[in-house]
Amino acid sequence: MISSDSPFSRSPAPKFSNSFTTRIFSDVAGDITIVVDGESFLLHKFPLVSRSGKIRKMVAEAKDSNNSKLELHNIPGGPQTFELAMKFCYGMNFEITTTNVAHLRCAAEYLEMTEDYRDENLIARTEVYLNEIVVQSLEKSVEVLSTCEILPRVAEEIGIVSRCVEAIAMNACKEQLVSGLSLLDCDGESTELKGGCVEWWIEDLSVLGIDFYQRVICAMGRLGVHPDSIISSLMHYAQASLKGIGKCQIWNPARMKSNPTMAENDQRTILETLVGLLPSQKSSNTPLNFLFGMLRVGIMMDASIACKLELERRIALRLEMVLLDDLLIPSVQTGDSLFDVDTVHRILINFLQRIEDEDNADCGYESEGPGSPGHGSLLKVGRLIDSYLAEIAPDPYLSLQKFIAMIEILPDYARVIDDGLYRAIDIYLKAHPMLTEHECKKLCKFMDCQKLSQEASNHAAQNDRLPVQMAVRVLYFEQLRLKNDLSGSSGDGFLSQRISSGVPSAAMSPRDNYASLRRENRELKLEISRMRVRLSELEREQMFMKQGMMDKSGNGKTFLTSLSKGIGRIAIFSGPTGGKRQKSGRKSREGKTGRSRRYSVS
């Protein structure tokens, strides 16, 4: 309540009644009736014309000066705010708060309650409250700004909106500085304590409409609020505004084709605006689960193409950090596959373009070392895509073209071994038994038999779903590898051949020479990675061999004797347990229960 010595107070006076026709003084008859949005106020001319320029002009222009009746249209705040303005004219007590100051300021502008008619008029009083109380507080600025959403354009014209927006951004910067200093002072405190008292204003901003919220976030970015704080605010706003979207739509794609409601259009606008507000700095760390959540909502709500492409581009920047569950995006297209493979395909294209751009930007050879971030990211993504292919392979509606498109987009050097790819292909073949022989060959040609581990080769050699030519190739390369192991060769000749082929030619341009050397360097790194995998397999097999030699020493059988028999029947080199694995493999074709589940759908 405004006190008598406050700049927002007046001396006590009779109060308004709540009747439809309001009388200020019951003992003094009113001499003017003012109608505001259908509600009549029986008032007195003198206190009104002494403070309101608009009412003074209307009274002067009225024909009947004895008992005038005036109508005010579209007054900001309606009858409630007009009643407060009339209380001010009569000198009655009332309180200016954050919930009514914007309405009062706009109504005072409408009624022309300026200093030209009376000192310390309503415009001046509300301006003092805005400048001395509202803009000094982030919380109060948010409260006032939220009330401006239902006001006409006059709130924008007199600068209430812009002042509140700038005040919120400026106070957020101050809070950021204070929080930073407090974190420096409490180095010994726990992480939970440090993180719990930062950016308390994030929740407050969620009450704003999307238009005002967009202006606030833009002002914060311009004034230097940390991108992580902005991202946290965007996440909280999205959670509050888009909660519950898609629960009924995700398995009802036909509904999305009908005419969207106004609420759905508003939510689509909110989604597209929030995506446009994401910080563009590379240092910003937007959580991947948030990006995927927004992408899923954007797909379900049929957001703009630019919005979805921007989310896909941001995901591709850190695709090597994505989890498999994030990529399993449900499809909303009727009659299509269960998963949105096209979206994942576009994300993968963006990722490969990023890797290529980073390679082209490198000016030296240091980035192509064994610890190259680009190559390491590519290997991680290769494993991720192989796991993704294995997850979507059982989908009976997944076309062969889409499945092959996901396989062939990755370069050869993205996979050290093809075990994951073989597993995905095997699952697809089992889930799609109607594929023709030609289609099976077309699918299996993307698998390199030389890059299969011994366990995968053992499985592939007994897999009756593979084309006969593929099984023969697997057996051939496995026999060749066994021969190299017996002769002591470790692929040095192949490695030296690649090294010699990487010598740049004088007839090539420097750019082509660099590209050739970089390609050969990748192949050498890939070969080294394969040799490491093979070395680990040999070390494991050596332990099996030692154990087998000890077990069979009493039966007069030597390791070389059993090994020669294994080669004679083109068996897989897997130690003394190889016979058991082969037997169980045969049994799996007959009984369906003894088969390993690593490479096939049970």
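Residues numbered from 1 in each chain as written. Predicted model: local features only at pLDDT ≥ 70, side-chain atom pairs only at ≥ 80, totals over all residues. Heavy atoms only, no water.

### Examining the overall build of the protein chain
- Within the protein chain, the secondary structure is distributed over 27 helices and four strands.
- The 602 residues of the protein chain split such that 45% are buried.
- About 31800 Å² of surface is accessible on the protein chain, with carbon and sulfur atoms providing 54% of the total. (Helix = DSSP H or I, 4+ residues; strand = E, 2+ residues; numbered from the N terminus. Buried < 20%, exposed > 50% of the residue type's maximum accessible area, 1.4 Å probe, protein only. Areas by Shrake-Rupley, 256 points an atom, 1.4 Å probe, with all protein chains shown as cover.)

### Describing the environment of Leu208
- Positionally, Leu208 belongs in the loop between helix 9 (191–196) and helix 10 (210–223).
- Sequence separation between Leu208 and Thr147 is 61 residues; the distance between their C-alpha atoms is 9.1 Å.
- Residues in contact with Leu208, not counting those within four places in the same chain, are Val142, Leu145, Ser146, Glu149, Tyr213, Val216 and Tyr237. (Contact = heavy atoms within 4.5 Å.)

### A short note on the packing of helix 13 (residues 262–277) against helix 14 (residues 288–300)
- Relative orientation of the contacting elements helix 13 and helix 14 amounts to 145°, with a least axis distance of 10 Å. At the point where helix 13 passes helix 14, the crossing takes the left-handed sense. Within the contact between the two elements, helix 13 uses Leu271, Leu274 and Val275 and helix 14 uses Met294, Val297 and Gly298.
- Its residues assigned to classes, the contact of helix 13 with helix 14 comprises five nonpolar, one polar and no charged. (Axes fitted to C-alpha atoms, helices over the stretch in contact; angles between N-to-C directions. Left-handed = near helix turned anticlockwise from the far one by under 90°. Nonpolar A, V, L, I, M, F, W, Y, C, P; charged D, E, K, R; others polar.)

### Quick word on the environment of Ala390
- Locating Ala390 in the fold gives a position in helix 18 (residues 373–392).
- Given a relative accessible area of 6%, Ala390 falls into the buried group.
- Between the alpha carbons of Ala390 and Ile427 there is a distance of 6.7 Å; along the sequence they are 37 residues apart.
- Ignoring anything within four residues of it in the chain, the contact list for Ala390 reads Arg423, Ala424 and Ile427.

### Details of the confidence of the model for the protein chain
- Predicted confidence across the protein chain gives a mean pLDDT of 76, with 64% of residues reaching 70 or more.
- Under a pLDDT of 50 for its full length, residues 363–371 has, in the predicted model, 12 contacts with residues more than four places off or in other chains.
- Contacts of residues 553–602 to residues separated by more than four positions or lying in other chains number 60 contacts, the stretch itself having pLDDT below 50. (pLDDT = per-residue confidence, 0-100.)

### A few points about the pattern of salt bridges
- Scanning the model with the defined rule gives 16 salt bridges in all.
- For Arg354, the salt bridge goes to Glu320, with nearest N and O atoms at 3.5 Å. Highlighted residues: Arg354 in helix 17 (residues 341–361) and Glu320 in the loop between helix 15 (305–316) and helix 16 (324–327), separated in sequence by 34 residues.
- Residue Arg415 pairs with Asp386 through a salt bridge whose shortest N-O separation is 2.9 Å. With a gap of 29 residues between them, Arg415 in the loop between helix 19 (400–408) and helix 20 (419–431) and Asp386 in helix 18 connect regions that are remote in the sequence.
- For Arg415, a relative accessible area of 6% translates into the label buried. (Salt bridge = Lys/Arg side-chain N within 4 Å of Asp/Glu carboxyl O.)

### Focus on the nonpolar core
- Core analysis: the biggest nonpolar cluster contains 140 residues, and Ile34, Phe82, Tyr213, Met220, Leu348 and Phe403 have the highest contact counts within it.
- Among the elements that make up this core, the one with the highest residue count is helix 14 (nine residues).
- Not counting residues up to four positions away in its chain, the partners in contact with Phe403 are Leu389, Ala393, Leu398, Ala424, Ile425, Tyr428 and Leu443. (Core = buried A, V, L, I, M, F, W, Y, C linked by side-chain atoms within 4.5 Å.)

### Brief notes about helix 14
- Taking 1.5 Å of rise per residue, the 13 residues of helix 14 would be expected to cover 18 Å, and the 18 Å separating its terminal C-alpha atoms lies within 8% of that figure.
- In terms of burial, helix 14 is a largely internal element, 10 of the 13 residues being buried.
- Along helix 14, the residues classified as buried are Leu288, Phe290, Leu291, Phe292, Met294, Leu295, Val297, Gly298, Ile299 and Met300.
- Positive backbone phi, approximately 55°, marks Asp302, located one or two places after helix 14. (Expected span 1.5 Å × (residues − 1).)

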